[in-house]
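Each chain is listed here by its residues.
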Amino acid sequence: MPTTLFSLQRDHVAHLQRAYAEILNDHGFDSLAIYSGNASEYFADDHAPPFQTYGHFMHWVGLADVQHSWLIIQPEKRPQLFLYAPADFWHLPTHLPEEPWVSEFVVHFCNEKTIPAMVGNAAVIGDIGQLTASTQQALKAQCQPEHIVRVLDELRLFKTPYEIACIREANRLSIAGHQAAQAAFIGASGELDIQLAYLAASRQRESNVPYQNIIGLNEHAGVLHYQHYDLNAPKQRYSLLVDAGRRFRGYCADITRTYAGPDAPAVFGELVSAMHDLKEELVRGIAPGVSFIALHEQMHRHLGEILVAHDMYKGTAEQAVAEGVTRAFCPHGLGHSLGLQVHDVAGLRHPDGSPAPAPEYHPALRLTRTLRPGMVVTIEPGLYFIDMLLAPLRNSSSPINWALVDLLSPCGGIRIEDNVVVTESGFSNLTP
Ligand code: GLY
Ligand code: MN
Ligand code: MN
C-alpha cells in the first residue's frame, strides 16, 4: 500500500475517533454499536442479492460487503470489530486487508451471528430490522437515535484527505472502463458487450459496482436510469451514454460520458460538445460559500442558451427557463453528494440536521447545501429528448423547433458527469 494512503488512513481513523468521542460525550452515550447489516434471501429461496455494508460502518473499515458484523465505539477506547467469520467449507473464510486500520482495532472473529455486549448507556445504529425479533429485544440500547444519525451523516458529508484520495483512485479506475466502453462503441458493439468491456477494463465484477451501470445506445440514452443491456448491436448507431462507476475501499466514482455515433446528425455532436463545455463551466463555479441550488439554476440558464444557440428554441434563454422548457429537457438535479454511497447522506439537510428539501420547481435535486471545503459532489448536466416530458409542450405555443427535436429523438440524450471536491480556495476535479 502506498505510504501516503497508509498514513492518510491512519489520520482518517484518528479523526473518526476524535469526532465520535465528542459526539458520544455531547449526547451522553458511553458507547455506540454499529451494525453492518445483512442481505435477506429471495423469497422461498436460499440465496441473496449482492449486499452493501451500512455507510457508517464502512466509514471506519472501508469493507463494502461485510454482513452480520458489529463495531463498538467508545470514547478513549480502541474501536472493536466483531467480524462474522464462520468456520464454513462452502465459502472462503473472511479475511482482513493489510491496511493500517486493522492494527488500530480490537478484532473479534465470530463463528456465530451474535450481538456484542452493549457498554453503559448505549446506542445502536444500522439496519437492525434485519435481526430476529428476539435479537432486537435483547439489545440493551437506544435504537437508531435520530439526532446521533443526523450528526454522523453530517460528519460523512466532509471528506478527509484519505477519503478524497480513495474517490480519486475510484475515478482513475473508472475512467479506464469508460475508455474501453468508448472503444467498444467505435467497434460497433452492443450494450452488453460495452458493459463487459467496461467491467474488464475497470477491473471489477458486476456485483461490486456501486450502482447498476447505465449503458444506453440510441434512444436508451434518454432513459435516465436505463436498466437493461441489449444483447445485439442496433443497425443504426446514433449515440452512447455510459453512466458507470467503481468502488475503491468502499468509496464510489460516478462518471457519465456521452458519445455521438456515425449515424447521428451533426447537431447532436455539437450538442455533446456544448454539454462538455457546460460541465466545465459549472465545475469552475465550485467554491466554498457557493449555493448548490444557485449552481443548479445556473445550469438551467446555460441550458436555455444552448437550446437557443442550436436553434432548438426560437425564443430567449430566459423565456426557456421561465416556461419550464429547460426542465422538460433536463428533469434531474445538477448533482449530489458522493462518498460511501453514490447518493451520499446529508445532501437535503441543514448543518443542524433539520430538513432542507429540494425547491418546488426542482424536486429531483438531491443537494441543497452551501458548498464547504471537504464536500465531494457530482456535476452532471443533462439534455434529453424524452417524449413523456416534451409531449405537454407540443400543444402549447412554446417556440420549440419540433422538427429538430424529432430529428434528435433517436439519439436519446446527453449527460456528462464529473466528481469534484470543494477545496479551501475553490475546487479540484477528481475525474481525470
Ligand atoms: N449514477 C446515478 C447518478 O448519476 O446519480
Ligand atoms: Mn451517474
Ligand atoms: Mn450522479
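Conventions and cut-offs
- Residues numbered from 1 in each chain as written.
- Chains lettered and ligands numbered in written order.
- Predicted model: local features only at pLDDT ≥ 70, side-chain atom pairs only at ≥ 80, totals over all residues.
- Heavy atoms only, no water.
- UniProt positions renumbered as here; feature names shortened; annotations may be inferred.
- Core = buried A, V, L, I, M, F, W, Y, C linked by side-chain atoms within 4.5 Å.
- Buried < 20%, exposed > 50% of the residue type's maximum accessible area, 1.4 Å probe, protein only.
- Helix = DSSP H or I, 4+ residues; strand = E, 2+ residues; numbered from the N terminus.
- Contact = heavy atoms within 4.5 Å.
- Near = heavy atom within 4 Å.
- Polar contact = N/O pair within 3.5 Å; in protein donor to acceptor, adjacent residues only side chain to side chain.
- Areas by Shrake-Rupley, 256 points an atom, 1.4 Å probe, with all protein chains shown as cover.
- Donors = N, O, S within 2.8 Å, 3.2 Å for Na, K, Ca; no water.
- Tetrahedral: all angles 85-135°; square planar, octahedral: opposite > 155°, others 65-115°.
- 1 Å grid on protein atoms, 1.4 Å probe; cavity = no way out; pocket = protein on both sides within 12 Å on 5 of 7 lines; lining within 4 Å.
- Points joined across faces, edges and corners; volume = space filled by probe spheres on them.
- Nonpolar A, V, L, I, M, F, W, Y, C, P; charged D, E, K, R; others polar.

The chain goes by Xaa-Pro dipeptidase in an unreviewed UniProt entry, where it is assigned to Vreelandella sulfidaeris. The UniProt entry for the chain carries this comment under Function (unreviewed entry): "Splits dipeptides with a prolyl residue in the C-terminal position." Comment text from UniProt for the chain, heading Catalytic activity (unreviewed entry), reads "Xaa-L-Pro dipeptide + H2O = an L-alpha-amino acid + L-proline".

Enquirer: Hey, could you go over the nonpolar core for me, with residue numbers and the actual values?
Expert: If you look at the biggest cluster of nonpolar residues, it comprises 47 residues, and the most contacted ones within it are Phe292, Met312, Phe329, Ile379 and Leu408. Elements that contribute at least two residues to this core include exactly α8 (266-284), α9 (292-309), α11 (325-329), β10 (376-379), α12 (387-394), α13 (402-408) and β13 (418-422). For this core, the element with the most residues is α8, which contributes 9 residues. With residues near it in sequence (within four places) discarded, leucine 408 still touches Pro265, Val267, Phe268, Leu271, Met312 and Phe385. The next biggest cluster of nonpolar side chains, apart from the first, holds 27 residues, and it includes Leu16, Val61, Leu81 and Leu155.

Enquirer: Pulling in residues and values, what's your account of the site of ligand 1?
Expert: Around ligand 1 lies a shell formed by Tyr211, His225, Asp243, Asp254, His336, His343, Glu380 and Glu417. In the environment of ligand 1, an oxygen atom lies 3.0 Å from a nitrogen or oxygen atom belonging to the side chain of glutamate 380. Between ligand 1 and glutamate 417, the relevant distance is 3.2 Å, taken from an oxygen atom to a side-chain nitrogen or oxygen of the residue. The fraction of the free accessible surface of ligand 1 (190 Å²) that becomes covered by protein chains is 93%.

Enquirer: Now, about the coordination of the manganese ion (ligand 3): what can you tell me, with residues and values included?
Expert: Each donor-metal-donor angle would ideally measure 109.5 degrees in four-coordinate tetrahedral geometry, or 90 or 180 degrees in six-coordinate octahedral geometry. Protein coordination at the manganese ion (ligand 3) comes from Asp254 (OD), His336 (NE2), Glu380 (OE) and Glu417 (OE), with a distance range of 2.0 to 2.2 Å. Angles of 50 to 157° at the metal separate the 6 donor atoms of the manganese ion (ligand 3), which places the site in the irregular class. When the donors of the manganese ion (ligand 3) are listed by position in the chain, the intervening gaps give D-x81-H-x43-E-x36-E. The distance between the manganese ion (ligand 3) and the manganese ion (ligand 2) comes to 3.3 Å, with aspartate 254 serving as a donor to both metals. With a gap of 37 residues between them, glutamate 380 in the loop between β10 and β11 (382-384) and glutamate 417 in the loop between β12 (413-415) and β13 connect regions that are remote in the sequence. For the pair glutamate 380 and glutamate 417, one class covers both residues: buried.

Enquirer: Before we move on, can you summarise the layout of surface pockets with the specific residues and values?
Expert: Of the pockets and cavities examined, the largest pocket occupies roughly 1900 Å³. Phe51, Ala64, Asp65, Val66 and Gln67 are the residues nearest the centre of the largest pocket, which is lined by 49 residues in total. At the level of secondary structure, the elements contributing two or more residues to the lining of the largest pocket comprise β3 (80-84) and β8 (239-248). In the lining of the largest pocket, the residues fall into 21 nonpolar, 16 polar and 12 charged.

Enquirer: How would you sum up the coordination of the manganese ion (ligand 2)? Please name residues and give values.
Expert: The coordination sphere of the manganese ion (ligand 2), as far as protein atoms go, consists of Asp243 (OD), Asp243 (OD), Asp254 (OD) and Glu417 (OE), spread over 2.0 to 2.4 Å. For the manganese ion (ligand 2), the 6 donor atoms in the first shell make angles of 56 to 169° at the metal, a pattern classed as irregular. Summarised as a motif, the one-chain spacing of the donors to the manganese ion (ligand 2) is D-x10-D-x162-E. A relative accessible area of 3% means that aspartate 254 is categorised as buried.

Enquirer: Would you mind going over the UniProt feature "domain: Peptidase M24" (unreviewed entry) in the chain in detail, with residue names and values included?
Expert: Feature annotation in UniProt assigns "domain: Peptidase M24" (unreviewed entry) to the following positions: residues 165-424. From the first C-alpha to the last, residues 165-424 spans 16 Å; its make-up is 37% helix and 15% strand.

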